Amino acid sequence: MKLSQKKLERLHSRINSIIDTAQEMELQYKNELEKTHPTYRKSALNLVHYMALRSHYIEDLQQELRLMGLPGLSNCEGHVMRSLLAIKTILNYLSGNPKNESHKGTLSIKKSGKIMNANTRALFGNKGKKRRTRIMVTIPNTAASDKTFVNRLIKLGMNSARINCAHDNTDTWSKMITNIREASVQKHKQVKVMMDLGGPKLRTGTIVPGPQVIHIKPEKDEIGRTTNPALIWLAPAEVSPPANVSAVHIPVEAEWLGLTKRGDEIRFKDSRDKKCKFQIIRKQKEGKWATTMDSAYISPGVHLEIYRQNEKGEQHFEMGELAAISQNISLSIGDKIRIHKDPTPGEPAKYDENGALLEMAHLSCTLPEIFKDVKEGEPILFDDGKIEGIIESRADEELIVKIINAKESGSKLQADKGINLPISDLSVTGLTQKDMIDLEFVAKYADAVNVSFVNDKNDVEQLLTKLKELKSDIGIVLKIETRKGFNNLPQIMLSAMQTYPVGVMIARGDLAIETGWKNIATIQEEILRICEAAHVPDIWATQVLENMAKKGLPSRAEITDAAAAQRAECVMLNKGPHIEKAVKLLDRILRRMQNYQRKKEVILERLEFAEELSMKQEYA
């Protein structure tokens with residue numbers, strides 16, 4: 001390609017402009033850079049250089065460089081200044097000025113890769129022999145009593161175990177950690193223990209209890225003989241029976257339900273101490289259908305036992321317990337609900353005998369501090385975005401919300417469901433009182449703490465201060481779950497890099513709701529790039545192989561998502577009755593994908609059947 005001197009000078013000028021911005025930002029963030037941990041000093045500098053690069057519009061520059069056969073800056077995140085100087089050196093030679101450009105403290109491609117590997121190893125432990133990307137598994141409390149369960153997860157490929165402080169207690173956590181540590185030694189693995197702090201999560205408050213007794217009543221004729229069995233819907237409390245089906249809903253835990261199969265007999269003693277049973281007949285989505293000829297009264301706490309017929313005869317398989325019977329609030333488009341400060345239990349709307357509204361539904365929330373921050377006209381979402389509303393009016397003690405999106409048949413809102421205010425500027429932040437208490441345990445027994453809802457550098461400073469008081473040097477993982485957290489990510493990371501090691505979790509559940517579903521793919525990509533620039537390992541989290549873990553069969557989209565997750569340093573799986581199958585499948589996917597891609601870099605391994613491909617056009 002023939003290059004004019006004028007074009008080369010213009011490209012020189014563009015590169016110099018980016019370098020100048022990078023040097024200006026070095027001075028701007030001098031204090032922050034000096035505070036970083038020695039291990040992160042060059043990484044923090046590279047992060048600043050990356051943000052300088054991204055402050056320029058360079059799409060056309062990249063295209064010009066690619067057309068000239070030069071590096072197009074598309075994979076420069078981990079070594080920004082070295083990449084800019086390399087391009088400048090090439091332009092020097094093309095201009096007839098053979099001068100090699102250099103800058104003190106720049107990182108080469110090889111060195112930046114080594115730093116990322118070392119940082120990942122410090123946070124997540126050693127990688128396996130056949131897989132680069134680590135697997136983190138959210139551990140159920142089964143791990144406290146079943147050491148063989150932990151052994152199997154480690155054997156299948158788990159590198160780190162995540163314990164959620166929102167569930168269970170210190171006694172259960174201690175047993176889980178003991179089993180993880182002992183299993184790690186037995187398997188000669190370095191499995192890290194990561195513990196989640198709940199953070200200032202905004203949730204729906206309590207709701208008045210539902211009926212405390214469920215009556216199962218088969219159809220009978222006029223003389224009391226049973227003519228038709230009762231139809232039973234077994235599912236988690238939040239999973240209602242399919243529309244237009246009359247059935248008794250018995251709420252059970254999803255993990256227990258996953259153990260049942262068609263033909264299994266569920267036996268129990270009802271509230272009258274009467275022996276009863278029903279039989280599983282089929283599965284439908286997240287629930288299972290059963291029938292019974294027995295009349296029964298069931299209340300919370302009743303034990304349900306699975307019995308199965310097989311070639312060995314009848315086997316008692318597993319015992320479960322009826323989940324708490326909870327009330328819910330049904331909301332349809334156009335309905336209104338009052339969200340109030342006081343913790344009075346919520347109630348569904350009340351109507352007179354003619355269907356006229358007497359009292360709108362009402363509900364409290366777990367963070368009444370938000371009332372001073374929200375404004376009329378702002379959106380509010382409930383239960384992972386399943387129900388959407390608009391704040392119609394705001395007062396000191398309550399909000400009136402109009403529902404603008406819900407199921408046609410009405411969506412069920414229950415207690416302890418997430419509330420998101422995606423565009424509200426909330427001042428609620430930092431560690432909660434429970435977090436402070438939990439952190440004392442976490443700092444003593446875990447390898448790293450996962451900090452929820454990190455919104456700005458003040459949240460990080462508060463955490464670091466508390467860890468210093470506890471004389472703890474455990475790793476920290478910043479969970480990015482809000483728009484504010486994403487917008488402040490570079491500043492958050494610079495603050496966190498005062499300690500070592502540090503990681504970032506892309507918490508795609510809340511993040512998608514907060515930033516909008518249409519934006520989550522690009523935001524996820526930006527977080528990956530910023531982490532790469534800082535040589536900070538990231539965790540690809542939320543709903544990875546979720547169907548596989550819960551139901552035992554993955555969707556096609558989940559397989560693709562799991563394959564793309566290879567770009568992260570770690571992938572997180574949530575718990576479910578089929579978690580072992582999910583770990584095994586994810587291990588296989590990640591091992592296979594690393595032959596095709598390393599981070600963003602495409603790897604062209606030898607195509608085994610390339611020589612067999614016909615390159616000739618055949619004509620009829």
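That block above? That's the structure.
Quick caveat: nothing in here was measured; it's all calculated off a predicted structure.

## Let's talk about the sheet that holds strand E21 (residues 387-394)
Right, so step 1: Ordered by their spatial adjacency, 6 strands build an open sheet running E19-E16-E22-E21-E20-E24, and the pairing between neighbours is mixed. Taken across any chain shown, the strands that pair with only one partner, and hence form the sheet edges, are strand E19 (361-364) and strand E24 (419-420).
Right, so step 2: Sheet topology places E21 next to strand E22 (residues 398-405); 6 bridges connect them, and they run antiparallel. Among the inter-strand pairings, glutamate 388 is bridged to a residue of E22, identified as asparagine 405.

## Observations concerning helix H4 (residues 59-67)
Right, so step 1: Inspection of H4 places Leu61, Gln62, Glu64 and Leu65 among the buried residues, and these make up the whole buried set. The arc that holds every buried residue of H4, seen down its axis, measures 165°, which confines them to one face. Seen from the open side of H4, the exposed residues pointing more than 90 degrees away from its buried face are Glu59 and Leu67.
Right, so step 2: Each element contacted by the buried residues of H4 is listed here: helix H1 (5-28) and helix H5 (80-94).
Right, so step 3: Positive backbone phi, at 80°, marks glycine 69, one or two positions downstream of H4.

## Things to note about the packing of aromatic side chains
Right, so step 1: Tallied over the full model, the rule gives 5 aromatic pairs.
Right, so step 2: Their ring planes at 55° and their centres at 4.7 Å tell us that tryptophan 233 and tryptophan 289 sit as a pair that is tilted. With a gap of 56 residues between them, tryptophan 233 in strand E7 (residues 230-235) and tryptophan 289 in strand E11 (residues 287-292) connect regions that are remote in the sequence. Each of the two residues, tryptophan 233 as well as tryptophan 289, counts as buried.
Right, so step 3: Arranged with centres 4.7 Å apart and planes meeting at 40°, the rings of phenylalanine 441 and tyrosine 445 form a pair that is tilted. Pair noted here: phenylalanine 441 and tyrosine 445 are both in helix H11 (residues 433-445), with a separation of 4 residues, about one helical turn.
Right, so step 4: Owing to a relative accessible area of 37%, tyrosine 445 belongs among the partly exposed residues under this scheme.
Right, so step 5: Aromatic ring contacts, followed pair by pair, group Trp173, Phe441 and Tyr445 into a single cluster.
Right, so step 6: Seen from the ring of tyrosine 307, arginine 267 lies directly overhead, with NZ or CZ sitting 4.1 Å from the centre.

## As for the sheet that holds strand E3 (residues 192-197)
Right, so step 1: One closed barrel accounts for 8 strands, arranged E1-E2-E3-E25-E26-E27-E28-E29; its pairing is parallel. Adjacent strand axes in the sheet meet at a mean angle of 25° when their direction is disregarded.
Right, so step 2: Examined bridge by bridge, strand E1 (residues 134-138) and strand E2 (residues 160-164) share 3 bridges and lie parallel to one another. Looking at the pairing, valine 137 lines up with alanine 161 of E2.

## A closer look at the pairing of E3
Right, so step 1: Among the 6 residues of E3, 6 are classified as buried, and the element is accordingly described as predominantly covered.
Right, so step 2: Alternating residues of E3 divide into Lys192, Met194 and Asp196 and Val193, Met195 and Leu197, and every residue in both groups is buried.
Right, so step 3: Pairing of E2 with E3, which is carried by 5 bridges, proceeds in the parallel orientation. Looking at E3, one finds that arginine 162 is bridged to methionine 194.
Right, so step 4: Running through helix H9 (residues 170-186), the crossover from E2 to the neighbouring parallel element E3 is right-handed.
Right, so step 5: Of the pairings in the sheet, the one linking E3 to strand E25 (residues 448-451) comprises 4 bridges and is parallel in character. If you follow leucine 197 over to E25, its bridge partner there is valine 451.

## Observations regarding the packing of H1 against H4
Right, so step 1: Where H1 contacts H4, the two axes come as close as 12 Å, and the packing angle between them is 130°. When the axes of H1 and H4 are compared, the pair comes out oblique. Helix-helix and strand crossings are classified by hand; for H1 and H4 the assignment is left-handed. On H4, the residues touching Lys7, Arg10, Leu11, Arg14, Ile15 and Ile18 of H1 are Asp60, Leu61 and Glu64.
Right, so step 2: Its residues placed into classes, the contact of H1 with H4 shows 4 nonpolar, no polar and 5 charged.

## Here's the deal with the side chain of glutamate 525
Right, so step 1: Among the secondary structure elements, glutamate 525 is positioned in helix H16 (residues 520-534).
Right, so step 2: Non-local contacts of glutamate 525, meaning those with residues more than four positions away in its chain, are made with Arg567 and Lys600.

## Examining unusual backbone geometry
Right, so step 1: For the bond running from tyrosine 500 to proline 501, omega is 0°, close enough to zero to count as cis.
Right, so step 2: Tracing the sequence through the fold places proline 501 in the loop between helix H14 (489-496) and strand E27 (502-507).
Right, so step 3: Even without being a glycine, lysine 285 presents a positive backbone phi close to 50°.
Right, so step 4: You can see lysine 285 is positioned in the loop between strand E10 (275-284) and E11.
Right, so step 5: Even without a glycine there, the phi angle at threonine 542 is positive, about 85°.
Right, so step 6: You can see threonine 542 is positioned in the loop between strand E28 (538-541) and helix H17 (546-551).

Reading the values: the criteria
By convention here, each chain's residues receive numbers from 1 onward along its written sequence. This being a predicted model, a pLDDT of at least 70 is required before a residue's local features are given, and a value of 80 or more before pairs of side-chain atoms are given or counted; all residues contribute to the totals for chains, interfaces and linings. Values shown for side chains rest on all heavy atoms present in the structure; no hydrogens or waters enter the calculation. Here, a strand pair is defined by DSSP locating no fewer than two bridges between the strands. For helices the rule is a DSSP run of H or I covering at least 4 residues; for strands it is a run of E covering at least 2, with both sets numbered from the N terminus onward. Partly exposed describes any residue whose relative accessible area lies between the buried limit of under 20% and the exposed limit of over 50%, with all areas from a 1.4 Å probe on protein chains only and scaled to the type maximum. The reported arc concerns the directions from the helix axis to the C-beta atoms and nothing else. Residue contacts are counted whenever heavy atoms from the two residues lie within 4.5 Å of one another. Aromatic pairing here means that ring centres of Phe, Tyr or Trp (its six-membered ring) are within 6.5 Å. Orientation follows from the plane angle: under 30 degrees is stacked, over 60 is edge-to-face, and everything else is tilted. Either the NZ atom of lysine or the CZ atom of arginine qualifies as a charge over a ring when it sits within 6 Å of the ring centre and within 35 degrees of the ring normal. Helix axes are fitted to C-alpha atoms over the stretch in contact, other axes to C-alpha atoms as well, and angles between N-to-C directions run from 0 to 180 degrees. The definition of a right-handed crossover adopted here requires that, viewed with the strands pointing away, the path from the first strand over the helix to the second runs clockwise. Convention used here: angles under 35 degrees read as roughly parallel, angles over 145 as roughly antiparallel, angles from 65 to 115 as roughly perpendicular, and any remaining angle as oblique. Two helices that cross are described as forming a left-handed crossing if the nearer one is turned anticlockwise from the farther one by less than a right angle, and a right-handed crossing if clockwise. In the scheme used here, Gly and all other residues not listed as nonpolar or charged are polar, with Ala, Val, Leu, Ile, Met, Phe, Trp, Tyr, Cys and Pro taken as nonpolar and Asp, Glu, Lys and Arg as charged.

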